[in-house]
Amino acid sequence: QVQLVESGGGLVQAGGSLRLSCAASGGTFSRYCMGWFRQAPGKERLLVAVVSKSGGSTYYIDSVKGRFTISRDDAKNMVYLQMNSLKPEDAAVYYCAATDRYSFTMFPRFYDRWGQGTQVTVSS
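About the thresholds
- Residues numbered from 1 in each chain as written.
- Predicted model: local features only at pLDDT ≥ 70, side-chain atom pairs only at ≥ 80, totals over all residues.
- Heavy atoms only, no water.
- Buried < 20%, exposed > 50% of the residue type's maximum accessible area, 1.4 Å probe, protein only.
- Helix = DSSP H or I, 4+ residues; strand = E, 2+ residues; numbered from the N terminus.
- Pairing = 2+ DSSP bridges.
- Phe/Tyr/Trp six-rings, centres within 6.5 Å; stacked < 30°, edge-to-face > 60°.
- Lys NZ or Arg CZ within 6 Å of the ring centre and 35° of its normal.

Peer 1: What am I meant to see in the pairing of strand β9 (residues 92–99) here?
Peer 2: The side chains of a regular strand alternate between both faces of the sheet. Across the 8 residues that make up β9, a large majority, 8, are buried. Alignment of strand β4 (residues 33–39) against β9, held across 7 bridges, turns out to be antiparallel. Its bridge partner lying in β9, Cys-33 is registered against Thr-99. Sheet topology places β9 next to strand β11 (residues 118–123); 3 bridges connect them, and they run antiparallel.

Peer 1: What exactly am I supposed to notice about the packing of aromatic side chains here?
Peer 2: The relation between two aromatic rings is expressed through the spacing of the ring centres and the mutual angle of the planes. Inspection of every chain in the model, using the stated rule, returns 4 aromatic pairs. Ring geometry for Tyr-102 and Phe-110: centres 4.5 Å apart, planes at 35°, overall tilted. Here Tyr-102 falls in the partly exposed class, since its relative accessible area comes to 33%. Between the aromatic rings of Phe-107 and Phe-110, the centroid separation amounts to 5.9 Å while the plane-to-plane angle is 80°, which identifies the pairing as edge-to-face. Judged by its relative accessible area of 38%, Phe-107 is partly exposed. Of note, Arg-72 hangs over the ring of Phe-29, and the distance from its end group to the ring centre comes to 4.6 Å.

Dropping the structure here:
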């Protein structure tokens, strides 16, 4: 029953950077695999990146590889998404999600704890 709160979204020009943060509380953070998802208006929510329970493995969708970096700090109960070289197509509400059922999974249906989202807007 971990609770998640995202922050760090905002307006940025194409080519710029943002760092999103997700603060976790109410659970044992080290037990959770953590993921970042995004949803643009009229589009399906989709996975962007995952970091494993141990922090040793990561996964990124092809469109963000080389530009985004997911990381976690278990001492602070935080997970981050560093976003560089932002493109207009990256604009969306970004959500943090967690699961303690798997040490690492790229499948959205296995995530059962969600934050409320933070808006990222990218202008061309």
